[in-house]
Amino acid sequence: KKVKEIENTEIKSLKTQSSIHKANYSKAETIEKIEVKKVSSEFAQKESVYKTNASKIDKQTSIFTKKLDAKNKTIKKEHEQGLSNKLRKINTKLQQDLKALQTK
């Protein structure tokens, strides 16, 4: 009879410990889920900020590239016009010199 009482006491103790372990595991699982949600949310926010900033940088780069291309075209055009004017002046001067030589 005493052995049976000891067994029953031991069984109750084990059941109590099992309930405590289950409750602790459940709490730990809940805390883990909350932490995972928190980290996931922080990551999503950081990802959103990164994508927004990357998009802004891409737009700024595109605008800057277009401005540089436009300046490059303008400079090239001005250079070509300057060369053309100088060539016209040289040709005019050469023709004048040739006429002067022919009349001598």
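Residues numbered from 1 in each chain as written. Predicted model: local features only at pLDDT ≥ 70, side-chain atom pairs only at ≥ 80, totals over all residues. Heavy atoms only, no water.

(A) The pattern of salt bridges, seen in detail. Inspection of every chain in the model, using the stated rule, returns two salt bridges. One salt bridge connects Lys51 with Glu47, and the closest N-O pair in it is separated by 3.6 Å. Of the two residues, Lys51 and Glu47 both sit in helix α1 (residues 2-103), four residues apart, roughly one turn of that helix. Judged by its relative accessible area of 33%, Glu47 falls in the partly exposed class. Taking the shortest distance from any N to any O, the salt bridge between Asp97 and Lys93 comes out at 3.4 Å. (Salt bridge = Lys/Arg side-chain N within 4 Å of Asp/Glu carboxyl O. Helix = DSSP H or I, 4+ residues; strand = E, 2+ residues; numbered from the N terminus. Buried < 20%, exposed > 50% of the residue type's maximum accessible area, 1.4 Å probe, protein only.)

(B) Spatial organisation of the environment of Lys86. Turning to its location among the elements, Lys86 is positioned in helix α1. We classify Lys86 as exposed; its relative accessible area is 56%. Considering only alpha carbons, one finds Lys86 and Val49, 37 residues apart in sequence, at a separation of 55 Å.

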